[in-house]
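Summary of the model geometry
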Amino acid sequence: MALPEVKQTATEARLATLTMPDAGCTRAAREDALARVLESGLPNRRDEYWKYTQPDTLVAPHAAPAAVLQDDESLIFDELDRLKIVFVDGVFTPEESDDLSLEGVVIDRLEDICCKDIHWAKELYGVLEARGQDPVQRPLAALNTAFATDGVAIHVTGKPSKPINLIYRHESPESDVVLHHVIRVEGGAEATILETGPAASRFNKCMEIDVADNGTLHHVRAQGRDHERRAATHMFTRLGQESVYKSFTLTVNGVLTRNEQIVELTGDDAVAHVAGACVGDGDFHHDDTVFVTHDAVNCESRQVFKKVLRNGATGVFQGKILVKAGAQKTDGYQISQSLLLDDDSQFLAKPELEIYADDVACSHGSTSGAIDETALFYLRSRGVPTKDATNMLTLAFLAEAVDEIEDSSLAEAIVSRLEGWLARRS
Amino acid sequence: MLEIKNLHVQLEEEDKQILKGVNLTVDAGKVHAIMGPNGSGKSTLSYVLSGRDGYDVTEGSATLNGEDLLEMEPEERAAAGVFLAFQYPVEIPGVGNMTFLRTAVNAQRKARGQEELSATDFLKEVRAKAKSLKIDADMLKRPVNVGFSGGEKKRNEILQMAMLEPKMCILDETDSGLDVDAMKLVAEGVNALRDEGRGFLVITHYQRLLDHIKPDVVHIMANGRIVKTGGPELALEVENNGYADILAEVN
Ligand SMILES: Nc1ncnc2c1ncn2[C@@H]1O[C@H](COP(=O)(O)OP(=O)(O)OP(=O)(O)O)[C@@H](O)[C@H]1O
Ligand SMILES: [Mg+2]
């Protein structure tokens, strides 16, 4: 079917600025992905899936420049022992990174997987992304698969002693970056992946995660604070039997962020928790789009998203739980809430359940509200100044999402960032 | 210490007069009790004194040691020494009880130009005081009042009072919801704080609390006014005969 002309033109204009890397073994996957992009076209504001978030600037041929934030806040997780993999404006930078060898995990740069005999990565690249195109198309992810210029393949075979931190530095105000990572967690293996930093003026990131039976992957992400940056990210996760995936994202600032999480529970007794806390002030638009598919028995999924919005900031949540026929004993939970610190800010939510099995327990809720005046008065009556009391209640509001992080030192680091954001506004 | 003169209060939202000329003076070192029928304005008085939004003072004044309370923000009143034990203590999910207490203690110390309490000193103090109120460590860790029983909430109010050491303590029906033993604990907590420099205003419906916390003065509030003032015997009279006689007498 021919695409509408506007979409066709916009898609061609964007494609004209990109060159497919000459990447041997992923070439076929890239060509396939390009075909998907050509078929669906890139998103525009008429697409139902982009009803609340305008994709124009994410799709435009060139990235709008974004100033690089200069301030003296230390980098998050700096005090923690972790293996650092640094990308500067989207380019892997070995001089800044740690030695990539760590017991229990094998890490390769994407461009090196072809010369090595790493079959798993070749078999994963673009595969989960392609699966995730149905029933909803995600053309920016397909675009990513086709044109990603860098990324890593992480093979978790044991239980590495420390987290692996992908650090995305933003140095050029013109940077327009497409990164693609693939992660395979073997049976019984367990790892924590951290992603931190603003990455680029415009960042398109795709991560494909395959967790084998009994594998566990923790993911904690802190998107950088650069006010003008834009990002569209996709995480495609497939879960085997009794496997666990727990992901948390902190977003502080950024003019536009769209984070998509596509999770498929394909093995019985698997667990998936995706959570996010975002705080935005003024020119801030943050979109969490989540699609969880239950395709096995006795799986548990949780979606917990909290947004604090002020000065006209916008928060979006589109979250779906799809329970396929036969996915009995599904336990699905979804909550999305916003705390609006003034009347100018807004929260748009579209929670959805689609259930084809009869023995399931699914619940979802979405609320939007201001600071609880009664609680505020209670705190003030004990001598806590209004500003501090408001900040306490704001952190309390975000706590349910932050509590999804299992590791307490990571959770503390996240809370201290939130405190910093609040303090800068006091 | 606390001086309330001809206090008239109406609701901000609707044109409804609740307090219609309250006069009341509590001297340092004294315990005053207020009794009165439901809806007579007792809680409203306590809220207006502690600075809750939603009320308009149309006439009259309230001062603490000569300072105009009505001009102050709630947190300033707290720092000046006003404490209200709420009739309905508020649940705050996500804020740990301990964090809350420590923030409050240190905020008040800061407002008064004192040094913050060190973490160890604070812990020592809070543990000792919690113990005397039979508040266990688990309750200190939980979010403020969340999942607390009615009686636990009231004991938690008294713990806050004990930690904050206010000058003017207002207790709004702190006895309701307490079992006999808890009532004794609470009364002991209050009595431990009784001293020359501190005043109490105890709102209650029952003589029973006043058996444990012996008041110096008892007031009867009805329809937005203090209609009768007397000694401890007034509470007994109410307990035995209800309000009918008193109300008939003043009308
Ligand atoms: N926010 C409000 N909106 C409407 N009416 C109010 C409000 N606050 C107080 N009132 C009314 O004012 C009157 C006094 O209420 P208040 O709570 O002060 O009474 P009280 O003496 O404490 O009663 P109780 O013994 O039942 O606790 C009542 O008629 C009550 O309904
Ligand atoms: Mg009352």
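Residues numbered from 1 in each chain as written. Chains lettered and ligands numbered in written order. Predicted model: local features only at pLDDT ≥ 70, side-chain atom pairs only at ≥ 80, totals over all residues. Heavy atoms only, no water.

1. A short note on the UniProt feature "domain: ABC transporter" (unreviewed entry) in chain B
- Per the UniProt record, "domain: ABC transporter" (unreviewed entry) is annotated on residues 2-248 of chain B.
- Between the end C-alpha atoms of residues 2-248 of chain B there is a gap of 29 Å, over a span that is 40% helix and 28% strand. (UniProt positions renumbered as here; feature names shortened; annotations may be inferred. Helix = DSSP H or I, 4+ residues; strand = E, 2+ residues; numbered from the N terminus.)

2. Side note on the coordination of the magnesium ion (ligand 2)
Residue and element names in this part refer to chain B.
- The magnesium ion (ligand 2) binds to the protein through Ser43 (OG) and Gln87 (OE1); the donor distances cover 2.0 to 2.2 Å. Note that serine 43 is positioned in helix H1 (residues 42-50) and glutamine 87 in the loop between strand E6 (82-85) and strand E7 (92-96), a separation of 44 residues in sequence.
- Owing to a relative accessible area of 17%, serine 43 belongs among the buried residues under this scheme.
- Take glutamine 87: its relative accessible area is 13%, and that puts it in the buried class. (Donors = N, O, S within 2.8 Å, 3.2 Å for Na, K, Ca; no water. Buried < 20%, exposed > 50% of the residue type's maximum accessible area, 1.4 Å probe, protein only.)

3. Structural notes on the UniProt feature "domain: SUF system FeS cluster assembly SufBD core" (unreviewed entry) in chain A
- Per the UniProt record, the feature "domain: SUF system FeS cluster assembly SufBD core" (unreviewed entry) sits at residues 173-397 of chain A.
- Along residues 173-397 of chain A one finds 9% helix and 61% strand; the C-alpha atoms at either end are 34 Å apart.

4. Some thoughts on the pairing of strand E10 (residues 230-239) of chain A
All names here are of chain A.
- Of all ten residues that make up E10, nine are buried, and the element is covered over most of its length.
- As judged from the ten bridges shared by strand E8 (residues 202-211) and E10, these two strands associate in the parallel manner. Note that in E10 the partner of asparagine 204 across the bridge is alanine 232.
- Examined bridge by bridge, E10 and strand E12 (residues 256-265) share ten bridges and lie parallel to one another. Pairing of methionine 235 across the sheet is with glutamine 261, part of E12. (Pairing = 2+ DSSP bridges.)

5. Focus: helix H7 (residues 373-381) of chain A
Residues and elements named next belong to chain A.
- Within H7, seven of the nine residues are buried, leaving the element largely enclosed by the surrounding structure.
- Here H7 has its buried residues at Ala375, Leu376, Phe377, Tyr378, Leu379, Arg380 and Ser381.
- If you check the start of H7, you find a side-chain oxygen 3.0 Å away from the backbone N of threonine 374, and it comes from aspartate 372.
- In the stretch just after H7, glycine 383 is the one whose phi turns positive, near 100°. (Polar contact = N/O pair within 3.5 Å; in protein donor to acceptor, adjacent residues only side chain to side chain.)

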